[in-house]
Every structure is written in structure tokens, then in C-alpha cells.
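Here are the chains, one letter per residue:
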Amino acid sequence: MTHPDNTRPKLYYMPGTCALAVQIALEWAGEPYDAQQIQRDQLMSPDYLAINPAGVVPTLIVDGEVLTEASAILLALARRFPALGPGAGATEAEFFRFERLIITLGGTLHPYFWPWFVPQRYGAQTPEDGTRVKNAAERLIAAMFERLDADLGDGPYFLGKTPSAADAYLFPMARWGYGLKTPTTAYPNLHGLMHRLVENQGVIAAMTAQGLPPLFGDA
């Protein structure tokens, strides 16, 4: 594993995880950065733990500082690049809405997916247990998707006419959501947002860099 040289931001990621949100935000920021893919078996390696003791992604190195947790990284990037948030001239209410969205996505929606991805971590020992845990997770995700769909409204983006880090953060989770029994297509505003995002050059660049296939057949 190579280490950052402190000359420009460096992102450590696993494809398709919430690190995708950070990579999209970096693309939108327009500042050169490096990205290094981490394999799952590297997360607990001494080299990676020396950078991120939690053994998770994303990790972003900026000016020699180690930034972890996608929510915190995106908030930090929005401070560094105001266009990723509500903008330099935003009101307190506009900043609050943006920060609330980021924290809701990271602190509420993202944890709801863990029981769906790995039900065994939540006590599921049989296939029947796993089904019950996943069904419970899907109900929680559905309730949050409904709230976000209403929050977005007719958009076109969460903060108005241009995409922000909040849209970038939703992207990987709404992408996972297409695999649910009640998929992202069931939420017309979110599904419309995803169609807009997959046509965005920064999203395309991040998806391509991570080796991810187009989300829609016509994308």
C-alpha cells in the first residue's frame, strides 16, 4: 500500500460503498486528487489501520490530515468548496437543511442498510432469521426513502437547481436501493434524481474510476 505524499487529496475507497459519494464530491470540486482502491482483506491490515484505525472506508487525506466518516468528510469538503453545500452566502436555515440532510443520510439511512447487507451481524443464524432481519431493515429503509422523497419534492436537487454533497451522499444508497423489494423506482422524486445524477459528468467519472457499471440500461 502506498502512502499519501501530502501534495494533494488522496481517497481510499472500496467500489460502490459510501466512498463513492466522496469521490463524486471530489469530482464536482474540480481539485486534482488521487484515489486508491482498498480490498476488503486490506481493511484490517497494519498499513491501513495506521491510517484509519476503524478499518473502514472512506478515508481522505487532505493537507496531511486524515479525515474519516463519510458524513464528516462531506461536511469538510463543503466548507472547503462552498459549491458542494448551500453556498458561501447561504442563510443559517439553508446551512441547517444541508447539514441535517448529510447527518440523516449518514446517521440514519446508512445504518439501516447494514442489517440488510449482513443480517448475521444482528443475530441471524438461519435463513429464516436472515429473512426477518432483512425485512425489518427494508421497512426502515422504506420509511426513510419516503421522507427523503418528500423532502426532495420536485427538486431538481436537494438544495435547489444544482447538485450538492447531499445528492452525492444519497447516490450510493439509492443505488443499493434498486435491489430492495420496494426499490428506488417506487419513490418518483428519488428515482428522477438518480436519472439526473447518472447523466452528470462528475458521477460518470467517479463510477468509471471505481469500475462500476451504468446504473440504468440507457445510461
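For the structure itself, consult the block above.
Because the structure is predicted, anything quoted here is derived from the model rather than measured.

S.K.: Would you mind showing me how to read the side chain of Thr 59 here?
M.R.: Looking at the element boundaries, Thr 59 is found in strand 3 (residues 59-62). Polar side-chain contacts of Thr 59 include one of 2.8 Å to the side chain of Asn 52. Those residues in contact with Thr 59, other than ones at most four positions away along the chain, are Lys 10, Leu 11, Tyr 12, Tyr 48, Ile 51, Asn 52, Val 66, Leu 67 and Thr 68.

S.K.: Please explain helix 5 (residues 127-152) as it appears in this structure.
M.R.: What sets the pattern is the α-helix's 3.6 residues per turn: residues three or four places apart point alike. If you check helix 5, its first and last C-alpha atoms are 36 Å apart, about what 26 residues at 1.5 Å a residue would give, namely 38 Å. Three or more residues of helix 5 are buried, namely Asp 129, Gly 130, Val 133, Ala 137, Glu 138, Ile 141, Ala 142, Met 144, Phe 145, Leu 148, Asp 149 and Leu 152. As for helix 5, its buried residues are in contact with helix 4 (92-117), helix 6 (165-177) and helix 7 (188-198). Positive backbone phi, approximately 60 degrees, marks Gly 153, located one or two places after helix 5.

S.K.: Would you mind showing me how to read the packing of aromatic side chains here?
M.R.: By convention here, two paired aromatic rings are described through the distance between centres and the angle between planes. With the rule as written, the count across this model stands at nine aromatic pairs. Aromatic side chains Phe 113 and Trp 176 sit 5.0 Å apart centroid to centroid with 75 degrees between the ring planes, which places their arrangement in the edge-to-face category. Remark: Trp 176 occurs in helix 6 and Phe 113 occurs in helix 4; sequence separation between them is 63 residues. Assigned by exposure class, Phe 113 and Trp 176 land together as buried. An aromatic cluster is built from Phe 113, Trp 116, Phe 117, Phe 145, Trp 176 and Tyr 187, whose rings are joined through pairwise contacts.

S.K.: Would you mind showing me how to read unusual backbone geometry here?
M.R.: Trans is the common state for peptide bonds, and a negative phi is the common state for residues other than glycine. Note the cis peptide between Val 57 and Pro 58, where omega equals 5 degrees. Positive phi, close to 70 degrees, is recorded for Glu 69, a residue that is not glycine. Of note, Glu 69 is situated in the loop between strand 4 (65-68) and helix 3 (70-80). Exposure remark for Glu 69: the relative accessible area of 52% places this residue in the exposed category.

Reading guide: rules and limits
- Residues numbered from 1 in each chain as written.
- Predicted model: local features only at pLDDT ≥ 70, side-chain atom pairs only at ≥ 80, totals over all residues.
- Heavy atoms only, no water.
- Helix = DSSP H or I, 4+ residues; strand = E, 2+ residues; numbered from the N terminus.
- Polar contact = N/O pair within 3.5 Å; in protein donor to acceptor, adjacent residues only side chain to side chain.
- Contact = heavy atoms within 4.5 Å.
- Expected span 1.5 Å × (residues − 1).
- Buried < 20%, exposed > 50% of the residue type's maximum accessible area, 1.4 Å probe, protein only.
- Phe/Tyr/Trp six-rings, centres within 6.5 Å; stacked < 30°, edge-to-face > 60°.

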